[in-house]
Amino acid sequence: MKYLALDYGQVRTGIAVSDAGGVLAFPRCTIIKRNRVQFFEELLGILEKEQPDAIVIGLPKDLYGNETLTTRQVRNFAASLSRRISLPLYWMSEELSSIQAQRDLHEAGRSCKSGKTVLDQQAAVIILQSFLDSPEKSRQRILSGESK
């Protein structure tokens with residue numbers, strides 16, 4: 001199965017895709033959000049081009065596992081996306097994905113100053129690779145219209 005992962009943000013959304021076998025994650029692009037209509041048009045265009053079998057959405061929580069305003073925003077986004085597409089959606093904890101993305105980019109000799117868009121894509125890669133490495137039975141599917 002091919003998966004597409006989203007590191008959703010109010011300004012930028014990093015996107016990663018897996019290989020057709022669902023083994024490895026790769027950075028795809030970053031959508032810069034100018035308005036809601038443009039954002040969904042661009043995202044749906046990427047979904048049409050990539051043809052994933054399912055979508056993985058990073059679910060942010062604070063360091064204690066509590067939900068935050070950002071968590072609620074991501075849940076609302078997932079509910080809105082589920083009304084627009086028929087693909088299965090999954091949650092994946094994005095705990096510390098941005099910090100790990102910064103480390104990965106630093107180790108690769110890339111500065112975070114070279115662009116936050118690259119950082120968002122790398123965070124999506126980390127989210128997706130964590131999902132791909134998790135046992136199938138532990139994967140948390142998002143129910144249609146779910147916001148919590």
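Everything below is about the structure printed above this text.
For the structure given in this document, a descriptive report is provided here. Just so it is clear, the structure is predicted and the values come from calculations on it, not from any experiment.

Parameters and conventions
- Residues numbered from 1 in each chain as written.
- Predicted model: local features only at pLDDT ≥ 70, side-chain atom pairs only at ≥ 80, totals over all residues.
- Heavy atoms only, no water.
- Patch = residues over 30% accessible without salt bridge, like charges linked within 9 Å, V, L, I, M, F, W, Y side chains within 5 Å.
- Areas by Shrake-Rupley, 256 points an atom, 1.4 Å probe, with all protein chains shown as cover.
- Salt bridge = Lys/Arg side-chain N within 4 Å of Asp/Glu carboxyl O.
- Helix = DSSP H or I, 4+ residues; strand = E, 2+ residues; numbered from the N terminus.
- 1 Å grid on protein atoms, 1.4 Å probe; cavity = no way out; pocket = protein on both sides within 12 Å on 5 of 7 lines; lining within 4 Å.
- Points joined across faces, edges and corners; volume = space filled by probe spheres on them.
- Nonpolar A, V, L, I, M, F, W, Y, C, P; charged D, E, K, R; others polar.
- Phe/Tyr/Trp six-rings, centres within 6.5 Å; stacked < 30°, edge-to-face > 60°.
- Buried < 20%, exposed > 50% of the residue type's maximum accessible area, 1.4 Å probe, protein only.
- Lys NZ or Arg CZ within 6 Å of the ring centre and 35° of its normal.

**What about a nonpolar patch on the surface?**
For step 1, the next point in the chain: Taken together, Val23, Leu24 and Phe26 make up a surface patch of nonpolar side chains, about 270 Å² in accessible area.
For step 2, the next point in the chain: Within the secondary structure layout, valine 23 lies in the loop between strand 2 (12–18) and strand 3 (25–32).

**So, the layout of surface pockets**
For step 1, the next point in the chain: What the largest pocket holds in volume is close to 230 Å³.
For step 2, the next point in the chain: If you trace the largest pocket, you find 14 residues lining it, with Tyr8, Gly9, Pro60, Thr70 and Glu94 closest to the centre.
For step 3, the next point in the chain: At three residues, the largest contribution of residues to the lining of the largest pocket is made by helix 2 (residues 69–84).
For step 4, the next point in the chain: Tallied by class, residues from the lining of the largest pocket come to three nonpolar, six polar and five charged.

**Considerations on the environment of arginine 141**
For step 1, the next point in the chain: Looking at where arginine 141 falls in the secondary structure, it is placed in strand 6 (residues 140–142).
For step 2, the next point in the chain: Considered as a pair, arginine 141 and tyrosine 90 are 51 residues apart in the sequence and their alpha carbons are 4.3 Å apart.

**Some words on the packing of aromatic side chains**
For step 1, the next point in the chain: Within the structure shown, the criterion is met by seven aromatic pairs.
For step 2, the next point in the chain: With a centroid separation of 5.1 Å and 65 degrees between ring planes, the pair formed by tyrosine 3 and phenylalanine 131 is classed as edge-to-face. Of the two residues, tyrosine 3 sits in strand 1 (residues 3–7) while phenylalanine 131 sits in helix 4 (residues 116–133), which places them 128 residues apart along the sequence.
For step 3, the next point in the chain: Classification of phenylalanine 131 as buried rests on a relative accessible area of 0%.
For step 4, the next point in the chain: Between the aromatic rings of tyrosine 90 and phenylalanine 131, the centroid separation amounts to 5.3 Å while the plane-to-plane angle is 55 degrees, which identifies the pairing as tilted. Within this pair, whereas tyrosine 90 is found in strand 5 (residues 89–93), its partner phenylalanine 131 is found in helix 4, the two being separated by 41 residues in sequence. This pair shows no difference in class: tyrosine 90 is buried, exactly as phenylalanine 131 is.
For step 5, the next point in the chain: Among the aromatic residues, those joined into a cluster by ring pairs are Tyr8, Phe39, Phe40 and Phe77.
For step 6, the next point in the chain: Just above the ring of phenylalanine 39 sits the side chain of lysine 33; from NZ or CZ to the centre is 5.5 Å.

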